[in-house]
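Spelled out from the first residue to the last, the chains are:
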Amino acid sequence: MGHGAGDELLAIVGTRLLNATRGCDTVARLGGDEFAVLLEHVRGEADAVIVADRIVHALSDPITLPSGASVRVGTSIGIARVSPADGVDELLRNADVAMYAAKGASRGGYAFFDPSMHAALVDRVSLESDLRDALDDGSFWLAYQPIIALESHEVLGIEALLRWNHPTRGNLAPAQFIDLAEETGLILPIGRWVLREACARTAEWNAQRGDGRAFSVTVNLSVRQLESSSLLADVQAALAESGLLPSLLVLEITENALMHRTESTVERLHELKGIGVRLAIDDFGTGYSSLSYLQQFPVDILKIDRAFTDGLMRGTHDDALTRTIIALGDLLTLRTIAEGVEHARQHSRLRDLGCDYGQGYLFSRPLAPRDMEVLLTRGFLEIPGEAPIVLRAENSERAEDSERAGAAAASPDGGGARAASALEAIAPPPAAEAGGRVAPRGDEDAEPPMAAARGARRRGVGGERR
Ligand code: C2E
Ligand code: MG
Ligand code: MG
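A quick note: this is a predicted structure, and the numbers were derived from the prediction, not measured.

### Topic: the site of ligand 1
Here's step 1: Around ligand 1 there are 25 residues in total, and Leu-161, Leu-162, Pro-174, Ser-222 and Gly-360 lie nearest to it.
Here's step 2: Secondary structure elements with two or more residues in the shell around ligand 1: strand 8 (155-166), helix 6 (187-208), strand 10 (216-221), strand 11 (249-254) and strand 12 (278-284).
Here's step 3: By residue class, the composition of the shell around ligand 1 is eleven nonpolar, eight polar and six charged.

### A short note on unusual backbone geometry
Here's step 1: The phi torsion at His-153 lies on the positive side, around 70 degrees, for a residue other than glycine.
Here's step 2: Considering the arrangement of structural elements, one finds His-153 in the loop between strand 7 (140-149) and strand 8.
Here's step 3: On the basis of neighbour count, His-153 is assigned to the partly exposed category, with 18 C-beta atoms found within 10 Å.
Here's step 4: Phi is positive for Asp-283, which is not a glycine, with a value near 50 degrees.
Here's step 5: Among the structural elements, Asp-283 can be located in strand 12.
Here's step 6: Judged by the 18 C-beta atoms lying within 10 Å of it, Asp-283 is partly exposed.

### Looking at the packing of helix 6 against helix 8 (residues 231-242)
Here's step 1: Contact pair helix 6 / helix 8: the axes reach a minimum separation of 9 Å and the direction vectors enclose 25 degrees. On the basis of their axis angle, the class for helix 6 and helix 8 is roughly parallel. For the pair helix 6 and helix 8, the sense of crossing is right-handed. Residues Arg-192, Leu-195, Arg-196, Cys-199, Ala-200 and Ala-203 of helix 6 touch helix 8, and the partners they reach there are Asp-234, Val-235, Ala-238, Leu-239, Glu-241 and Ser-242.
Here's step 2: Split by residue class, the contact of helix 6 with helix 8 holds seven nonpolar, one polar and four charged.

### Some thoughts on the packing of helix 1 (residues 3-20) against helix 2 (residues 45-60)
Here's step 1: Where helix 1 contacts helix 2, the two axes come as close as 9 Å, and the packing angle between them is 140 degrees. In this structure, the crossing between helix 1 and helix 2 has a hand that is right-handed. Contacts between helix 1 and helix 2 involve Val-13, Arg-16, Leu-17, Asn-19 and Ala-20 on the former and, on the latter, Arg-54, Ile-55, Ala-58 and Leu-59.
Here's step 2: Residue classes in the contact of helix 1 with helix 2 are distributed as six nonpolar, one polar and two charged.

### Let's talk about the nonpolar core
Nonpolar side chains in soluble globular proteins tend to be buried together.
Here's step 1: By size, the foremost hydrophobic cluster in this structure holds 72 residues, and its most contacted members are Ala-160, Cys-199, Val-217, Val-219 and Leu-249.
Here's step 2: The dominant element in this core, judged by the number of residues it contributes, is helix 6, at eight residues.
Here's step 3: With sequence-adjacent residues up to four places away left out, Cys-199 is seen in contact with Val-217, Ala-238, Leu-239, Ser-242, Leu-244 and Leu-249.
Here's step 4: Counting 17 residues, the second largest nonpolar core, distinct from the first, contains Leu-17, Val-97, Ala-102 and Tyr-110.

### Re the pairing of strand 7
Here's step 1: Burial analysis of strand 7 places eight of its ten residues in the buried class, the great majority of the element.
Here's step 2: Between strand 7 and strand 8, which follow one another and run antiparallel, lie five residues, and His-153 among them has a positive phi close to 70 degrees.
Here's step 3: By the bridge criterion, two bridges tie strand 7 to strand 15 (residues 357-358) in an arrangement that is antiparallel. Within strand 15, the residue paired with Ala-149 across the bridge is Tyr-357.

### Section: helix 10 (residues 263-274)
Here's step 1: Taking 1.5 Å per residue as the helical rise, helix 10 with its twelve residues ought to reach 16 Å, and the 16 Å between its terminal C-alpha atoms agrees with that figure.
Here's step 2: Taken together, the buried positions of helix 10 are occupied by Thr-265, Arg-268, Leu-269 and Leu-272. The arc enclosing the buried residues of helix 10, seen along the axis, measures out at 100 degrees, which places them on a common side. Projecting away from the buried face of helix 10 at angles above 90 degrees are the exposed residues Glu-263, Ser-264, Glu-267 and Gly-274.
Here's step 3: For helix 10, the elements touching its buried residues are helix 7 (223-227), helix 8, strand 11 and strand 12.
Here's step 4: At the exit of helix 10 stands Gly-276, carrying a positive phi of roughly 100 degrees.

### Some thoughts on the environment of Phe-113
Here's step 1: Along the chain, Phe-113 turns up in the loop between strand 6 (109-112) and helix 4 (115-137).
Here's step 2: For the pair formed by Phe-113 and Ala-95, sequence separation is 18 residues and the distance between their alpha carbons is 6.3 Å.
Here's step 3: If we ignore the near neighbours within four places in the chain, the residues touching Phe-113 are Gly-78, Ile-79, Ala-80, Asn-94, Ala-95, Val-97 and Ala-98.

Basis of the calculations
Residues numbered from 1 in each chain as written. Chains lettered and ligands numbered in written order. Predicted model: local features only at pLDDT ≥ 70, side-chain atom pairs only at ≥ 80, totals over all residues. Near = placed C-beta within 6 Å. Helix = DSSP H or I, 4+ residues; strand = E, 2+ residues; numbered from the N terminus. Nonpolar A, V, L, I, M, F, W, Y, C, P; charged D, E, K, R; others polar. Buried ≥ 20, exposed ≤ 12 C-beta atoms within 10 Å, placed from the backbone. Axes fitted to C-alpha atoms, helices over the stretch in contact; angles between N-to-C directions. Parallel < 35°, antiparallel > 145°, perpendicular 65-115°, else oblique. Left-handed = near helix turned anticlockwise from the far one by under 90°. Contact = placed C-beta atoms within 7 Å. Core = buried A, V, L, I, M, F, W, Y, C linked by C-beta atoms within 7 Å. Pairing = 2+ DSSP bridges. Expected span 1.5 Å × (residues − 1). Arc of directions from axis to C-beta.

Pasting the structure below:
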């Protein structure tokens, strides 16, 4: 939209605001696309709500510009009350803070100012500034969660899950910063880093395996990345730098993200598919009511959302949904991976239903890179009541010097063979011998069914972040 059209749009919005308010009220444009409305003689919040609703309604109809173009505008309204202690600046600032809260509530509409909103905004601004520094500081790291074949128990791949070792807030999970990264566009450089790091690490681990077999690695993509014209080049660069085969990279897109598809994103997915990368739909079954999009996308894998795996513990209804998704995968010749497998009963039920793969705390929590290396060298996962899962990796070097090995393990990027040999030199701690499971480092609340992690913990390496 050009400047002229922008001005026309603002003028029409101003007129609609005037029409939605009374003669005694004041309407002003503050700048950009922000307006202020001063309501006088209101009896309380209820009156303010009536006017807010009227404004939202007035702006919800499409606006036809003199050129004939039709545009829709979104409206977020922050409402603040005049208080004797506050001046004009405070009043406007409070309304502004409330407006951001209304925007964040995604359904738009309005929000009343509350002092806690101010604290939340300050918090957000400081997190955003830290996020800008995080890539340069090297404070992001990736946890890896094994994906196993439910039938053979073999670990076939790993999913890379982003973590942020924040300087004061500690280890943060994606839920605490991914939305902010998306909103600020920082997800693009972060996502590029995730791709390169995950591909490089996986290629390294595959090279360490002596059995000629290889893990695939799964990387989550956000909508912004999917919309970015540099995605294909980023993926190609990550593959070229690491030497990872394209077929060993799986890109995951949530079902919700696919709702934002445009012609160019669909084309981008086809281009990615064209270079041999595989595509998966994450959180399948939660996002979208029409299945027709499955035919448009060149997908290979459906990841059944955890909600359905949970349902397997409850009984018939959810069981039916899970069965349907697996059958759909079968019909469309897509692989199915069940997310969030936590109980042996879910594992056996999924296997009976013909689900190919599973991922979840029953098999392993997401692991810090050093623990992945331990898993690689150790070569198995323990599942209560099940035969061990075999990795078929060659057991490499043994420890010559446990101090040296310990030092290697203590560095985030310590070599896999050395980190692992430290573990071999150490006996499991009493808790583990008593049958207790011990958390590996890296995932805060981790409790992996993995014997190899015990030694790392014992060495004092286990509590470290990264
Ligand atoms: P997701 O891709 O569906 O990943 C699975 C999430 O479920 C992970 O949470 C994982 O730790 C958790 N999980 C795995 N097994 C179990 C289980 O048995 N029980 C339960 N309760 N949870 C389990 P996490 O790591 O917090 O990631 C959350 C989401 O953040 C991911 O969901 C993904 O959508 C997003 N995400 C993670 N890494 C990245 C990234 O690098 N880029 C982007 N754009 N998004 C990412
Ligand atoms: Mg995922
Ligand atoms: Mg998921």
